[in-house]
Amino acid sequence: MSLVEINFDGIVGPSHNYAGLSLGNLASASNAGETAYPRAAALQGLAKMRGNMALGLAQGFLLPLPRPNTAFLDAIGADGSEDRRLLSAAWSASSMWTANAATVSPGPDTADGRCHLTAANLVTMPHRSQEWTDTVRQLRLAFADPAHFAVHDAVPACFGDEGAANHMRMGVRHDAPGLELFVYGKTGGAFPARQHEQASRAVARLHGLDPARCLFIEQNPEAIAAGAFHNDVVAVANERVLFTHEQAFADPDGTYAAIRTALPEAEIVVVPAASVSLADAIKSYLFNAQLLTLPSGEMSLVIPLEAWEHPRVRLWLDGMLASNGPIRRVLPVDVRQSMANGGGPACLRLRVVADPATIDPRFLLDEAKAARIESIVAAFWPEAIHPAELGDPDLAARVVTARMALLDGLELNELS
Ligand code: SUG
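Caption draft 1: Highlighting the side chain of Thr103. Of note, Thr103 is situated in strand S3 (residues 102-105). Overall, Thr103 belongs to the buried group, its relative accessible area being 2%. What Thr103 contacts, discounting residues up to four positions off in sequence, is His116, Leu117, Thr118, Asp161, Gly163, Ala164, His167, Phe182, Val203 and His207.

Caption draft 2: Representation of helix H4 (residues 84-91) within the structure. Residues of H4 that are buried: Leu87, Ser88, Ala89, Ala90 and Trp91. Elements that come into contact with the buried residues of H4 comprise helix H3 (70-75), helix H5 (126-129) and helix H15 (393-409). For H4, the capping residue at the N-terminal end is Asp83, with a side-chain oxygen 2.8 Å from the backbone nitrogen of Arg85.

Caption draft 3: How the structure looks around the site of the ligand. Contacts to the ligand come from 21 residues, most closely from Leu21, Ser22, Ser28, His127 and Asp232. Contact distances for the ligand include 3.2 Å between an oxygen atom and a backbone N or O atom of Gly20. One of the side-chain nitrogen or oxygen atoms of Ser28 is found 2.7 Å away from an oxygen atom of the ligand. In isolation the ligand has 490 Å² of accessible area, and contact with the protein removes 99% of it. Under a 2 Å grid-point criterion requiring more than half of the atoms, the pocket assigned to the ligand is the second largest cavity. Residue classes in the shell around the ligand are distributed as 7 nonpolar, 11 polar and 3 charged.

Caption draft 4: Spotlight on the pairing of strand S8 (residues 214-218). Relative to S8, strand S7 (residues 179-184) runs parallel, the two sharing 5 bridges. Residue pairing in the sheet places Phe182 in a bridge with Phe216 of S8. For the segment spanning S7, helix H7 (residues 197-206) and S8, crossover handedness is right-handed.

Caption draft 5: A look at the packing of helix H14 (residues 367-380) against H15. The geometry of H14 relative to H15 is characterised by a closest axis approach of 10 Å and an angle of 160 degrees between their N-to-C directions. Compared by their axis directions, H14 and H15 come out roughly antiparallel. Helix-helix and strand crossings are classified by hand; for H14 and H15 the assignment is right-handed. In this structure, H14 uses Arg372, Ile373, Ile376 and Phe380 to contact H15, whose residues at the interface are Arg398, Thr401, Ala402, Ala405, Leu406 and Gly409. Split by residue class, the contact of H14 with H15 holds 6 nonpolar, 2 polar and 2 charged.

Caption draft 6: Broad picture of unusual backbone geometry. Along the chain, Arg67 connects to Pro68 via a cis peptide bond; the corresponding omega equals -10 degrees. Secondary-structure assignment places Pro68 in the loop between strand S2 (58-62) and H3. You will see that Tyr285, though not glycine, has its phi angle at about 60 degrees, which is positive. Residue position: Tyr285 is located in the loop between helix H10 (278-284) and strand S12 (290-293). Overall, Tyr285 belongs to the buried group, its relative accessible area being 4%.

Conventions used here
Each chain has its residues counted from 1, running along the sequence as written. Whole-chain, interface and lining totals are the exception, using all residues; otherwise, since this is a predicted model, local features are given only for residues with pLDDT of at least 70 and side-chain atom pairs are given and counted only at 80 or more. No hydrogens and no water enter the side-chain calculation; it runs on all heavy atoms of the structure. Helix numbers and strand numbers start at the N terminus; a helix is a DSSP run of H or I with at least 4 residues, a strand a run of E with at least 2. Using a 1.4 Å probe on the protein chains alone, a residue whose accessible area is under 20% of its type maximum counts as buried, one over 50% counts as exposed, and one in between counts as partly exposed. Note on contacts: a residue pair qualifies if any of its non-hydrogen atoms lie within 4.5 Å across the two residues. Distance and chemistry together define a polar contact, namely a pair of N or O atoms within 3.5 Å, with one atom able to donate a hydrogen and the other to accept it when in protein, and with adjacent residues in sequence counting only for side-chain atoms on both sides. One heavy atom within 4 Å of a molecule or strand makes the whole residue count as near it. All accessible-area figures derive from a Shrake-Rupley calculation using a 1.4 Å probe, and residue coverage is judged against the displayed protein chains alone. Using a grid of 1 Å spacing that covers the protein atoms alone, one calls a set of points a cavity when a 1.4 Å probe fits there but cannot get out, and a pocket when the set is open and has protein on both sides within 12 Å along at least five of seven lines; lining residues are those with an atom within 4 Å of a point. A cavity or pocket is said to hold a molecule if more than half of that molecule's atoms lie within 2 Å of its grid points. Residues are grouped as follows: Ala, Val, Leu, Ile, Met, Phe, Trp, Tyr, Cys and Pro are nonpolar; Asp, Glu, Lys and Arg are charged; every other residue, Gly included, is polar. Strands were regarded as paired on the criterion that DSSP finds at least two bridges between them. A clockwise path from the first strand over the helix to the second, with the strands pointing away from the viewer, defines a right-handed crossover. Note on geometry: axes are C-alpha line fits, over the in-contact stretch for helices, and angles between N-to-C directions span 0 to 180 degrees. Roughly parallel covers angles under 35 degrees, roughly antiparallel covers those over 145, roughly perpendicular covers 65 to 115, and oblique covers all other angles. Crossing handedness follows the turn of the near helix against the far one: under a right angle anticlockwise gives a left-handed crossing, and clockwise gives a right-handed one.

What follows is the structure in structure tokens.
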């Protein structure tokens with residue numbers, strides 16, 4: 001049994017659009033009303049997956065959820081008089097950001113040795129709150145083997161939970177027992193704190209984690225106010241390395257000390273605000289990166305092009321690469337369509353440490369399947385969607401047909 005990290009990227013759905021639905025997410029707000037390009041968005045996502053596979057890494061995917069979501073519209077008694085934002089919510093392709101699909105604790109961390117996944121309720125944003133029931137269905141299909149996985153329903157809606165975007169795992173190796181870091185926000189600022197402490201604590205209990213190997217860390221309220229609506233906008237961890245902005249946590253020194261006590265091998269790479277301000281970090285999404293261990297053992301940071309092209313961020317990255325730090329390579333990727341809604345490379349993937357042989361192979365990617373998905377996307381995904389088109393019955397039919405073509409092509413019709 002060989003446990004490896006597998007990144008499950010969300011395939012960008014055919015209804016991808018910019019409706020400006022996420023308060024506190026500056027990219028979503030500033031691109032509200034723009035035309036979106038679903039076909040290009042999905043192809044950008046697939047190119048990122050292919051790039052990571054080419055590095056020798058295991059890659060999986062999750063499928064877009066059914067949109068427009070008629071169950072959601074029925075549940076709010078939609079009759080055309082509802083707020084346009086609610087109609088738009090039913091069309092949202094936001095499940096592409098699978099870092100928000102669930103929180104994952106791999107087998108080496110849990111009491112029963114199974115990998116536990118808890119679907120995230122995403123209750124803070126109405127358009128995201130409709131995801132989890134369909135997401136959990138998909139997770140139960142992909143991770144169906146009860147000898148290796150336990151998939152939990154979301155925690156009660158009174159505790160906001162945004163999944164792996166506020167969860168980091170550190171350890172000497174992926175397959176060794178890890179230290180799980182749960183980052184939560186406190187309400188009271190200008191923008192919502194989406195991750196509640198009690199949600200994180202509930203997830204840790206459900207997963208049977210050892211309390212001695214869990215840290216519950218408060219997010220810096222200044223970071224939330226600056227637009228870090230999830231912790232993964234200001235920090236990312238992989239194995240022994242934490243890559244973080246100086247202002248990510250409410251008590252940075254206390255946090256670093258607790259990590260070092262629990263994991264003496266930890267290496268903490270802190271980017272000072274004097275080099276990259278919080279505003280620069282959030283604009284460029286430097287930290288919304290995939291920090292990956294390559295088969296050679298070297299660590300590589302997959303960043304959005306926006307970060308690579310940002311002069312102050314680039315200066316910092318050049319300095320980092322010239323130093324003897326643990327991150328040896330930086331790989332910029334173009335995920336601009338997702339970025340314009342506040343979703344970088346890290347948002348687009350859910351990390352699962354497991355033996356690939358224990359996962360439903362239909363959710364695992366290889367070159368042939370990537371080509372098949374690309375041809376379905378090219379044939380069926382709308383080229384462009386303007387938010388004024390949401391609600392159009394012809395477009396709805398196209399979006400439904402496109403998703404069905406993908407389910408057919410992947411033999412995943414159970415999800416229809
Ligand atoms: O929840 N954007 C998503 C972006 C999620 C990013 N995920 C992570 N950081 N892990 C969100 O705010 C925009 C939808 C719109 O405006 O139409 C949106 O939902």
